[in-house]
Each structure stands twice: as structure tokens, then as C-alpha cells.
Amino acid sequence: MLTAKEYERLARFRLAMRYKANQNTAGNRKSTQKGSSTEFSDFREYQAGDDVRRIDWNAYARTERLFVKEYAEEKETVLTILVDSSASMNFGEKSKAALTADLVEALAYLALSSSDRVILVDLKHPDRPYPVSGGRKMIMKVKEWMEDVVFSGTVDVSESIRKLEPSAIGVTVLLSDFLEEDLVEESGRGALQKSLAYLRYRKQQVYLLQVLTEEELRVDLTGTYYLIDSEDGSKLRVTMDNASITGYESAVKGFTEGLAQTAKAAGAGYVLVDGGKELRTILFEDLKEIYEL
């Protein structure tokens, strides 16, 4: 749960945008459309019906042609938050599900504070997007939605993304542990690569937040254990010694670095969310590439 100080600090930032907004409702973003705000955008030749008060008479004196001034209209952008609600997200002393809830709350508050619109999507139910708008006071709607998300079973992340309703230009953040077999392929033709290409085609600025617990990143167990898959119940007998721990941590590092490279190749951002860190460190240091003043 976020503190009042964290809310206050988040309100100073807004989402970093690569694409210009194109929504029809007012906000704090420069739009691809032209409107009546006070910030100058460009000139164009006068057309019948244009407001004569926008004619630039200085330009007419130089060129003997009529030009009108256009101004950038401010529009809202859309933040789409995709939540992997599979059973594996329940793992950890502080579960990945709980950390995901904090991150969803923080990102939504950041967007709502800038008068942007938020769309929440449980990837288990991609056909049920939950839109939230109306400023920071609506953050309670976000918290209530997260409380209703059930982390269980399996989620096919790529298949769920393909089922999403097309959305306006904006930012899409995907929160997951990405512990899904064959999700990424070195050939570049894996399911995740295709999903990222689809989102980029939809003019989404994408960020992958890989949420992993301290126990997953730094193993301190010794002895023999049965590991049980939280999603399909299968068991694996392992003996944890120095060699196996070193091999495991090397594999995790390779996995996270590979995911980061996949994101970069697709023009997406990537952040490893380390559940062993304090929340404020994650929010204001690790996620800083998502924000701008």
C-alpha cells in the first residue's frame, strides 16, 4: 500500500510519451489535432471559413499570401495496464501479486494526476477492460478493481494481448513474472515478440515490468526439496548445493537479460522489479524511465 508521501511525490510526474495523444477529451497532452489552446503549433494557408482573427498579417506583408496560426490542442492520453493474474504471481513472502497491486496503484495514480485515462485489464479476461478517468480522486476505483483480481490458474499472455480491444495511442504497461514456457524465442519469432510487434503497430509505447520475488532472485536454501508448480501441480525433486544455486542464479540472470533484449529489439522498455527492494526504491529509481516532469 502506498503512503501519503509516495502519492505526493508521484503527483509531480507524468507518463513519458513517445507518441502524441489523439483522444477527443481534454487533458494535459499535446495532441495530433489542432485546437484553441494558447501554445503555437504551426502555420497553414488561409481557407474559406477560417477565423480571420488567426490570420498572421506580418506573414501577409512579407508574402502577400494569407496564413493562419494553428495552436496545439491538449488531449488526454491513455495508460493501459495489463495484469498477469496467473497462480505463479501468488508466490513469495511478499507475493508478486501484492507487489503488482502496489505498482498498478502507483502507475494509475500517476496517470490520473495528469488527467489521463486508465484502462485496467486482467489478462485472464482480456474482453473485460475497466476504464477509469476523472482525476486522482478516482484511485479508489483502481484499488477496488485490483482487490477483485484473482491470481489463479494459467494465463496465455500473448493470446490475451491479441484479444485486446484496439485502444487509442498511449502507453501500455505489462506486469508479469513472464514464467511461461516458450514465451520468448531466440529466433525472434516467439509469442511475446509477436505481441510486442502488434502493440507497437497500435502505436503503444510499451513497458514490460517483470515482477520477481527475492526468493526467486537470490536462493538461500540448502538440502533436498520437492518443488511444486503452482499452476499445474507438477513436482520436481532438487538438491540445493553451491553448484546448483550458482547454476540457478546464472539461468535467472540469462532469462531476465534475454527478456530485456527482446523488449529493446521491439522498441519497448523493460524493468526488472526486484521484490527484495523497498517500494519507494522501485517506484522512484527503477521505474524512472516511465516518468517525466
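The structure contained in this document is the topic of the report that follows. (Residues numbered from 1 in each chain as written. Predicted model: local features only at pLDDT ≥ 70, side-chain atom pairs only at ≥ 80, totals over all residues. Heavy atoms only, no water.)

1. Let's talk about helix 9 (residues 279-286)
All buried positions along helix 9 are accounted for by Leu 279, Ile 282, Leu 283 and Phe 284. The arc enclosing the buried residues of helix 9, seen along the axis, measures out at 165°, which places them on a common side. Packing partners of the buried residues in helix 9 comprise helix 1 (4-10), helix 3 (96-113), strand 11 (269-274) and strand 12 (291-292). (Buried < 20%, exposed > 50% of the residue type's maximum accessible area, 1.4 Å probe, protein only. Helix = DSSP H or I, 4+ residues; strand = E, 2+ residues; numbered from the N terminus. Arc of directions from axis to C-beta. Contact = heavy atoms within 4.5 Å.)

2. Focus on the pattern of salt bridges
Working definition: two side chains of opposite charge can pair if their charged atoms are close together. Summed over the entire model, instances satisfying the criterion amount to 9 salt bridges. Notably, a salt bridge pairs Glu 216 with Lys 96, separated by 2.7 Å at the nearest N-O pair. In this pair, Glu 216 is assigned in helix 7 (residues 214-217) and Lys 96 in helix 3, connecting sequence segments 120 residues apart. Here the two residues Glu 216 and Lys 96 agree in accessibility, since each one is buried. Two residues, Arg 162 and Glu 159, come together in a salt bridge whose shortest N-O distance is 2.5 Å. Of this pair, Arg 162 and Glu 159 both sit in helix 5 (residues 157-162), 3 residues apart, which is roughly one turn of that helix. A network of salt bridges, in which partner residues are shared, links Lys 96, Asp 177 and Glu 216. (Salt bridge = Lys/Arg side-chain N within 4 Å of Asp/Glu carboxyl O.)

3. Thoughts on the nonpolar core
Counting residues in hydrophobic clusters, the biggest one holds 45 residues, and the most contacted among them are Leu 79, Ile 81, Leu 103, Val 118, Leu 209, Leu 287 and Tyr 291. With 23 residues, the next largest nonpolar core counts Ala 168, Leu 208, Leu 259 and Ala 266 among its residues. (Core = buried A, V, L, I, M, F, W, Y, C linked by side-chain atoms within 4.5 Å.)

4. With respect to the pairing of strand 4 (residues 78-83)
Here strand 4 lies mainly inside the structure; 6 of its 6 residues are buried. In strand 4, alternate side chains face the same way, and those of Val 78, Thr 80 and Leu 82 on one face and Leu 79, Ile 81 and Val 83 on the other are all buried. With 6 bridges connecting them, strand 4 and strand 5 (residues 117-122) associate as parallel partners. Along strand 5, the bridge assignment pairs Leu 79 with Val 118. Between strand 4 and its parallel partner strand 5, the chain crosses via helix 3, and the hand of that crossover is right-handed. Note: strand 4 against strand 7 (residues 170-176), 6 bridges, orientation parallel. In the sheet register, Leu 82 faces strand 7, and the bridge partner there is Leu 174. (Pairing = 2+ DSSP bridges. Right-handed = clockwise from strand over helix to strand, strands pointing away.)

5. Some thoughts on the sheet that holds strand 11
As summarised here, the arrangement of the 6 strands in space is 6-5-4-7-8-11, forming an open sheet in which the pairing is mixed. Edge positions in the open sheet fall to strand 6 (130-132) and strand 11, since each of these has one partner strand only. Here the average twist between neighbouring strands, direction ignored, is 20°. In the sheet, strand 8 (residues 204-212) pairs with strand 11 via 6 bridges, with the strands oriented parallel. Counterpart to Tyr 207 in the pairing with strand 11 is Gly 269. Helix 6 (residues 191-201) contacts strand 7 and strand 8 of the sheet and is inclined by roughly 145° relative to strand 8. (Axes fitted to C-alpha atoms, helices over the stretch in contact; angles between N-to-C directions.)

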